[in-house]
Number of protein chains: 2
Amino acid sequence: MAKAARATRRPGRPRREPAQPDPDRRAQLCSAALDLFARDGFARVSIKQIAAGAGVDPALIYYYFAGKEDLFAAAVGHAVENGYAMFARLAGDGDDPVMTIAAWLDAQEGPGSTIPKMARLGLDYRRSGAAIPAVDDALRRFYDEERRMLLRAVRTGLARGLFRDVAPGPFARFVSTYLDGVLVRTVILDEDGPAAVDRFRVEVWRRLGLQKPPRRRKFIAD
Amino acid sequence: MAKAARATRRPGRPRREPAQPDPDRRAQLCSAALDLFARDGFARVSIKQIAAGAGVDPALIYYYFAGKEDLFAAAVGHAVENGYAMFARLAGDGDDPVMTIAAWLDAQEGPGSTIPKMARLGLDYRRSGAAIPAVDDALRRFYDEERRMLLRAVRTGLARGLFRDVAPGPFARFVSTYLDGVLVRTVILDEDGPAAVDRFRVEVWRRLGLQKPPRRRKFIAD
DNA sequence: GTCTATATGCAGATAGAC
DNA sequence: GTCTATCTGCATATAGAC
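A brief report on the enclosed structure follows. (Residues numbered from 1 in each chain as written. Chains lettered and ligands numbered in written order. Predicted model: local features only at pLDDT ≥ 70, side-chain atom pairs only at ≥ 80, totals over all residues. Heavy atoms only, no water.)

A few words now on the protein's contact with DNA strand D. Of all residues adjacent to DNA strand D, which total 16 residues, the nearest are I47(A), Y62(A), P21(B), D57(B) and Y64(B). The sugar-phosphate portion of DNA strand D accounts for 70% of its atoms within 4 Å of the protein, the bases making up the rest. Here a phosphate oxygen of DNA strand D and a backbone polar atom of K68(A) are 3.0 Å apart. Tallying contributions element by element places helix 3 (residues 58-64) of chain B first for the surface near DNA strand D, with four residues. Counted by class, the surface near DNA strand D contains ten nonpolar, two polar and four charged residues. (Near = heavy atom within 4 Å. Polar contact = N/O pair within 3.5 Å; in protein donor to acceptor, adjacent residues only side chain to side chain. Helix = DSSP H or I, 4+ residues; strand = E, 2+ residues; numbered from the N terminus. Nonpolar A, V, L, I, M, F, W, Y, C, P; charged D, E, K, R; others polar.)

This is the structure:
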């Protein structure tokens, strides 16, 4: 730590992170790291594994990142970007609140989806005891954005008279929380995640005063 | 298991696990390990930490257990024993289904409670990719027993005409799943767990057709 | 930018004294 | 039973060649 004043950014000597070597490679490493971190947890994943997953040498990781923690933070940031793009796609999908909510429910499952990945990353990170401001921010922003998208869909549906009267805030919280519970049961008890989401979809539709939920969409949100 | 004819258990030479040195110490080690595994996860906890937590030398762990995994399995088994005792206490508590369910809800929060501990252990274990039959069985038995206790309480309440008509199976699953979701939100978003449980209690009481939920009990189930 | 070679440290595990 | 001393291996991380 160069005490502060000016010393933090010497022009001539490029520092580890600020230099922009190969953005594609960086993204590739983030993506490989993200998959492994989300699946096995920070402590169980080695730099070697991540490098192997990306098809490069372990030492290269240290060219792009200051260390394992820095890579983790970057991977979480990468996931948040994915999430933002997904939420935008869901919300903009014809601006139909019913379809938005249906597509969001469909995005809850499958190991490739960003939503369960973020939940796993977040659980693991919180339990690590580590405090990385960039990760704290990223997690908060992700869940804030998800909530905003949901609230907007519910309010739009209410305004158009599509939904029975529900309180958007509590409703959004209820639905999000339940789906996190589904994730837990799926992991711990090896239950059928998609089936659990399907059952819940019926409950959600009932609460919104809608008819039978639409057939499961083929559309992969993520 | 002494399945294999005789070879597994030579009488003269005491093997690592079958010997029964000091049951109290063994339980103490399980308990210390349980707390740490549940809090930080298997991979982040070192034998050294566990020994320090129990106030003994790390080498002693290997006198009582065959290794870290064996200790983990024993700790999970220990937690299941705690859980059984707790469920029995909840169910036998005056045989009042309303109080049983209320006490069970109260037991959902607090890091000392076995229920969230089991959830954390289970999540961590499943993600580790390890396959330890003893742990698989223990997890299944814990959740089976919890479910049995819940179902019994609901059915008793229905039989006595205390509850509005609900389907016991789906209801039990719904409540358990939601509470797992509360755990996740509590950990990831640092939400107020007890407050979330209190809110949910209102919803549960409404579904059961009961009046205002009772005040939070002082009784610590665990 | 990417790799080879290597330093360093710590965690799991064992042998053996007491 | 419990501890001291120690071995082993792997993971993070760096130095430097290409």
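Don't stop here, the text continues.
Turning to the packing of aromatic side chains, a few remarks are in order. Going through the model one piece at a time under the given rule, you end up with 21 aromatic pairs over all chains. A centroid spacing of 6.1 Å and a plane angle of 25° characterise the contact between F72(A) and Y125(A), whose relative ring orientation is stacked. Taken together, the residues F72(A) in helix 4 (residues 68-92) and Y125(A) in helix 6 (residues 114-128) connect sequence positions 53 residues apart. Overall, Y125(A) belongs to the buried group, its relative accessible area being 2%. Three or more aromatic residues joined by ring pairs form one cluster here, namely F174(A), Y178(A), F200(A), F174(B), Y178(B) and F200(B). In this arrangement the basic side chain of K68(A) is found over the ring face of F42(A), its NZ or CZ atom lying 4.4 Å from the centre. Over the ring of F174(A) we find R207(A), and its NZ or CZ is 4.0 Å from the ring centre. (Phe/Tyr/Trp six-rings, centres within 6.5 Å; stacked < 30°, edge-to-face > 60°. Buried < 20%, exposed > 50% of the residue type's maximum accessible area, 1.4 Å probe, protein only. Lys NZ or Arg CZ within 6 Å of the ring centre and 35° of its normal.)

In the superposition of chain B on chain A (RMSD 0.0 Å, axial shift 0.0 Å), the rotation amounts to 180°. Taken together, the rotation angle and the small translation identify this as a two-fold axis. The C-alpha atom lying nearest the rotation axis in chain B is that of G181(B); the distance is 1.7 Å. Comparing interface residues between copies, 100% of those in chain B also lie at the interface in chain A; the contact surface is shared. (Least-squares fit on C-alpha atoms with pLDDT ≥ 70 in both. Contact = heavy atoms within 4.5 Å.)

What follows covers the side chain of R185(A). As for its placement among the helices and strands, R185(A) is situated in helix 8 (residues 168-188). When sequence neighbours within four positions are dropped, the list of residues in contact with R185(A) reads D190(A), E191(A), Y143(B), S176(B), T177(B) and D180(B).

Next up on the list: the interface of chain B and chain A. Counting residues at the interface gives 34 residues for chain B, matched by 34 residues for chain A. Overall, the association of chain B and chain A removes approximately 3,300 Å² of surface from exposure, summing both partners, and the carbon and sulfur fraction of that is 59%. Linking chain B to chain A there are six salt bridges. Salt-bridge contacts for E203(A) lead to R207(B); the nearest nitrogen and oxygen are separated by 2.8 Å. Contributions of two or more residues to the side of chain B that touches chain A are made by helix 1 (23-40), helix 6 (114-128), helix 7 (133-159), helix 8 (168-188) and helix 9 (193-207) of chain B. The element contributing the most residues to the side of chain B that touches chain A is helix 8 of chain B, with twelve residues. (Buried area = accessible area lost by both parts, 1.4 Å probe. Salt bridge = Lys/Arg side-chain N within 4 Å of Asp/Glu carboxyl O.)

With that settled, consider the packing of helix 1 of chain B against helix 4 (residues 68-92) of chain B. Residue and element names in this part refer to chain B. Put simply, helix 1 and helix 4 touch, their axes get as near as 8 Å, and they point 95° apart. In this view, helix 1 runs roughly perpendicular relative to helix 4, as classed from their interaxial angle. Together, R26, A27, L29, C30, S31, A33, L34 and F37 of helix 1 and K68, L71, F72, A74, A75, H78, A79 and N82 of helix 4 make up the contact between the two elements. The residue makeup of the contact of helix 1 with helix 4, split by class, is eleven nonpolar, three polar and two charged. (Axes fitted to C-alpha atoms, helices over the stretch in contact; angles between N-to-C directions. Parallel < 35°, antiparallel > 145°, perpendicular 65-115°, else oblique.)

Moving on: the pattern of salt bridges. By the definition in use, this model includes 26 salt bridges over all chains. Measuring nitrogen to oxygen at the nearest pair gives 2.7 Å for the salt bridge that ties R201(B) to D198(B). Residue R201(B) and its partner D198(B) are located together in helix 9, separated by three residues, close to a single helical turn. Salt bridges sharing partners connect three or more residues here, namely E203(A), R206(A), R207(A), E203(B), R206(B) and R207(B).

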